[in-house]
Amino acid sequence: MKTFMLKTAEVKRKWHVVDAKDIVLGKVATDIAKKLMGKEKITFTPHIDDGDFVVVINSSLVHVTGRKDERKKYYNHSSFPGGIRERSFAELQKGKPSEAIERAVHNMLPKNKLRADRMARLKVYPTTEHPHQSQIGK
């Protein structure tokens, strides 16, 4: 009996639509990360990128528990002295509602060469409207 190893040419990708309305940020991010890595497939192979495409809608309606709205901080630095910028979760949701989900998923993926390709298959939209067509029947 031999161990099954998926080849890159055999990868079949599906599309998943995830509605983030009234779901906790961490729970939706773990679900998305599993789908991007292909962990839920029986053909999962760690060194092959066999994950699916994920479209997230209603990212502006995701919430966090407790007092993380004002206490959870996101940092950016411009690489200049004194160039650090700090924003809370509530400020981030007003300005860029998709960035909180993208950052959470980015940090949940393995830190290797496949992470950029997996993040490229993640599409996050603040409302229910998105430009992607249905994949039913294909």
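Quantities reported herein were computed from a predicted structural model and do not represent experimental measurements.

> Would you mind going over the packing of helix α1 (residues 25-37) against helix α4 (residues 99-108) with me for this structure?
Angle between the axes and distance between the axes: these two values describe a pair of packed helices. Look at α1 against α4: their axes get within 9 Å of each other, and the N-to-C directions meet at 55 degrees. As summarised for this structure, α1 and α4 are arranged oblique, according to the angle between their axes. Crossing angle aside, the handedness with which α1 passes α4 is right-handed. Judged by residue contacts, L25, G26, A29, T30, I32, A33 and L36 of α1 engage A100, I101, A104, V105 and M108 from α4. Residue composition of the contact of α1 with α4, grouped by class: ten nonpolar, two polar and no charged.

> Could you clarify how one ought to interpret the sheet that holds strand β1 (residues 15-19) in this entry?
In a beta sheet, neighbouring strands pair by backbone hydrogen bonds and run either parallel or antiparallel. With respect to topology, three strands assemble into an open sheet ordered β1-β2-β5, the strand pairing being parallel. The open sheet terminates on both sides in strands that have one partner only, identified here as β1 and β5 (122-124). Averaged over all pairs of adjacent strands, the angle between strand axes in this sheet comes to 15 degrees, irrespective of strand direction. Relative to β5, strand β2 (residues 53-57) runs parallel, the two sharing three bridges. By the bridge assignment, V56 is partnered in β5 with V124.

> Is there a simple way to think about the packing of aromatic side chains in this case?
Aromatic rings considered in pairs are described by the distance between their centres and by the relative angle of their planes. Scanning the model with the defined rule gives one aromatic pair in all. The interplanar angle of 5 degrees and the centroid separation of 4.4 Å between the aromatic rings of W15 and F53 together place this pair among those described as stacked. Of this pair, W15 sits in strand β1 while F53 sits in strand β2, and the two are 38 residues apart along the sequence. Residue classification places W15 among the partly exposed positions, given a relative accessible area of 31%. The class for F53 is partly exposed, based on a relative accessible area of 22%.

> What is the right way to read the pairing of β1 from this model?
Each regular strand shows side chains that alternate between the opposite faces of the sheet. By the bridge criterion, five bridges tie β1 to β2 in an arrangement that is parallel. Directly across from H16, in β2, lies its bridge partner V54. Taking the sense of rotation as the criterion, the β-α-β connection linking β1, α1 and β2 turns out right-handed.

> Can you help me understand the pattern of salt bridges in this one?
Oppositely charged side chains can pair when the atoms bearing their charge come close. If you walk through the whole model with that rule in mind, you get nine salt bridges. One salt bridge connects D52 with K41, and the closest N-O pair in it is separated by 2.9 Å. A residue pair is termed long-range when its members are at least 10 positions apart, and D52 in the loop between α1 and β2 and K41 in the loop between α1 and β2 qualify at eleven residues. Classification of D52 by relative accessible area gives buried; the value is 6%. Accessibility expressed as a relative area gives 22% for K41, which makes it partly exposed. Here K73 makes a salt bridge to E86, at a shortest N to O gap of 3.9 Å. Residue K73 is located in strand β3 (residues 73-77), and its partner E86 is located in strand β4 (residues 84-88); the two are separated by 13 residues in the primary sequence.

What counts and what doesn't
- Residues numbered from 1 in each chain as written.
- Predicted model: local features only at pLDDT ≥ 70, side-chain atom pairs only at ≥ 80, totals over all residues.
- Heavy atoms only, no water.
- Axes fitted to C-alpha atoms, helices over the stretch in contact; angles between N-to-C directions.
- Helix = DSSP H or I, 4+ residues; strand = E, 2+ residues; numbered from the N terminus.
- Parallel < 35°, antiparallel > 145°, perpendicular 65-115°, else oblique.
- Left-handed = near helix turned anticlockwise from the far one by under 90°.
- Contact = heavy atoms within 4.5 Å.
- Nonpolar A, V, L, I, M, F, W, Y, C, P; charged D, E, K, R; others polar.
- Pairing = 2+ DSSP bridges.
- Phe/Tyr/Trp six-rings, centres within 6.5 Å; stacked < 30°, edge-to-face > 60°.
- Buried < 20%, exposed > 50% of the residue type's maximum accessible area, 1.4 Å probe, protein only.
- Right-handed = clockwise from strand over helix to strand, strands pointing away.
- Salt bridge = Lys/Arg side-chain N within 4 Å of Asp/Glu carboxyl O.

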